[in-house]
Amino acid sequence: MESSSTDPPPTESAATKAHFRLANLVLYISVLAISVTANILMLLVLWRKFRRHRRTAKSFIMLMQNLALSGLVLVISSIPFDLVSQSSDKWPFGAIGCKILWPLQTAALQAMVYTYVALACHRLCGVTKGLFGQMKFITGLVLTFVLWITSITTVIPYLINLDYNYQNKSCDENWDSDSSRNGYTMSLFFLDYLLPLIAMVVLSLLVWGKLQSFRVLDPERAGRRERHNRILRMLVAYVIVFAVFLLPHQIMWLVRDFGKGEEKLYFKDILNVVLVFTYSVTIINPVMFFIYNPEFVRHLLYYVKCQCLAKKELFSAENKSESFSLEPNVPPPPSRLKPKFELQQLEPKAFENNYASNPSIQLAETDSIPRDHDSGLGFVEQSMFPSAVGRFRGAEKHRESTPSASPPPSEAMYDESDAPPYSFNQGSEML
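Residues numbered from 1 in each chain as written. Predicted model: local features only at pLDDT ≥ 70, side-chain atom pairs only at ≥ 80, totals over all residues. Heavy atoms only, no water.

In the nomenclature of an unreviewed UniProt entry, the chain corresponds to Pyroglutamylated RF-amide peptide receptor from the organism Acropora cervicornis. UniProt's Subcellular location (unreviewed entry) comment on the chain is quoted here verbatim: "Membrane". (UniProt positions renumbered as here; feature names shortened; annotations may be inferred.)

This is the structure in structure tokens:
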């Protein structure tokens, strides 16, 4: 029998509601526990790598930390409150919760999406300058700040139009018109999904094309390209996960505003299940990170095995500063000290060490010797090591009378222009 247009909209049975709520409870709690654990471990591992190994890429570390942080903010501000609100027919968090919770969830999701784009930009910077280009730390810091400011700015209209209904105890969107609400929903679809997806695809293709242009490489660049290829595969995995897992979420919001989805049967229950896919992205992010960055697994095991609760690790060669990217083996610059042969070759025999043959050296012989800044010895040192004083003074007098065969120390110092290719200080920005 068909219902007339005047009949109220169909409602689901109490048993169906109970089944959906039980399924949501199990899924939400599981996602929350795994996501919080995985992202906290990711933050700890990245911080340990950043603190212990000074040659790591600070900009890459910061962007990955921001990815984990945005995921934590998303699940912590969403899942516990969603579970409470779904079990009640009224909004239980008052006016302050109405103004803060939903905009915060949207901003955290946008920050995570924009971090994907920032990682793709970081990789594009890395394939410049013969595969040894780097995004500076300050650039990564500014980029992280900008993406959070952008995320917060885009939710300001949402925050303004959210009002708490004290009579019905509900949190409702009060837009001036349906067109304003639909326009904002469509803008979020472009800003949260479509435009970031296009940007990530284009940037990944540019990185791939740049890597393919290097066919014949020396061993250093070959290893560097392999590192870039590995991170590029991680970014491609992020793009696929982003496109697949967030698409149902966007479709449901478009249906709600453009298709009057709230009036359809089971719409809210399906929306709650779809949100599980969105929250699951925060679990996939750390998993993909550790899969495509195996050099971080050792630090992950450090926390998984609870070694951080044991006594402090002893220093070893394994714990020295290292880079998780392949860097060229650059020899250290020559010492700035004067060449030894200038002193050894010109050492006069008259100043041989006579301390062993004549141990009774009187202090009066050296009392009158002024402190010479060239020798670098004081009264006590001169009295204890007279042979050193003789060597320094003899070499100085000989240099004054005879031109040295070697260039002056200022010319013999290390010149950075003579360094081999890519031997510049890549210290903290190697990735």
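Undergrad: Explain the side chain of serine 280 to me, and be specific about the residues and the numbers.
TA: Residue placement: serine 280 occurs in helix 9 (residues 267-292). Those residues in contact with serine 280, other than ones at most four positions away along the chain, are Val31 and Phe245. (Helix = DSSP H or I, 4+ residues; strand = E, 2+ residues; numbered from the N terminus. Contact = heavy atoms within 4.5 Å.)

Undergrad: Which residues make up helix 2 (residues 58-86), and what are the values?
TA: In a regular helix each residue adds 1.5 Å, so 29 residues correspond to 42 Å; helix 2 covers 42 Å between its end C-alpha atoms and thus fits that length. Among the 29 residues in helix 2, 21 count as buried, and that is most of the element. (Expected span 1.5 Å × (residues − 1). Buried < 20%, exposed > 50% of the residue type's maximum accessible area, 1.4 Å probe, protein only.)

Undergrad: How would you summarise the pattern of salt bridges if you had to cite specific residues and measurements?
TA: Applying the stated criterion across every chain yields a total of nine salt bridges. For arginine 181, the salt bridge is made with glutamate 173, and the minimal N-O distance between the two is 3.9 Å. Of the charged contacts, one joins arginine 227 and glutamate 295 as a salt bridge, the two residues approaching to 2.6 Å between their closest N and O atoms. With arginine 227 in helix 7 (residues 219-245) and glutamate 295 in the loop between helix 9 and helix 10 (297-304), this pair connects stretches of sequence that are 68 residues apart. You'll find arginine 227 and glutamate 295 in the same group, each marked buried. Residues participating in the shared-partner salt-bridge network are Glu173, Arg181, Arg256 and Asp257. (Salt bridge = Lys/Arg side-chain N within 4 Å of Asp/Glu carboxyl O.)

Undergrad: Hey, could you go over empty space enclosed by the protein for me, with residue numbers and the actual values?
TA: Counting across every chain of the model gives one cavity of 30 Å³ or more. Counted as a void, the largest cavity has a volume near 30 Å³. Tyr116, Ala120, Met200, Ser204, Leu235, Tyr238 and Val239 are the residues that line the largest cavity. Mapped by element, the contributors of at least two residues to the lining of the largest cavity are helix 3 (94-126), helix 6 (178-212) and helix 7. In terms of residue count, the dominant contributor to the lining of the largest cavity is helix 7 (three residues). Looking at the lining of the largest cavity residue by residue, the classes come out as six nonpolar, one polar and no charged. (1 Å grid on protein atoms, 1.4 Å probe; cavity = no way out; pocket = protein on both sides within 12 Å on 5 of 7 lines; lining within 4 Å. Points joined across faces, edges and corners; volume = space filled by probe spheres on them. Nonpolar A, V, L, I, M, F, W, Y, C, P; charged D, E, K, R; others polar.)

Undergrad: Before we move on, can you summarise the packing of helix 2 against helix 4 (residues 137-154) with the specific residues and values?
TA: Between helix 2 and helix 4, whose axes approach to 8 Å, the crossing angle comes to 20°. As judged from the angle between their axes, helix 2 and helix 4 are roughly parallel. Of the two elements, helix 2 crosses helix 4, and the hand of that crossing is right-handed. Touching Lys58, Ser59, Met62, Leu63, Asn66 and Ser70 of helix 2 are Phe137, Gly140, Leu141, Thr144, Leu147 and Trp148, all from helix 4. Of the residues belonging to the contact of helix 2 with helix 4, the class tally is six nonpolar, five polar and one charged. (Axes fitted to C-alpha atoms, helices over the stretch in contact; angles between N-to-C directions. Parallel < 35°, antiparallel > 145°, perpendicular 65-115°, else oblique. Left-handed = near helix turned anticlockwise from the far one by under 90°.)

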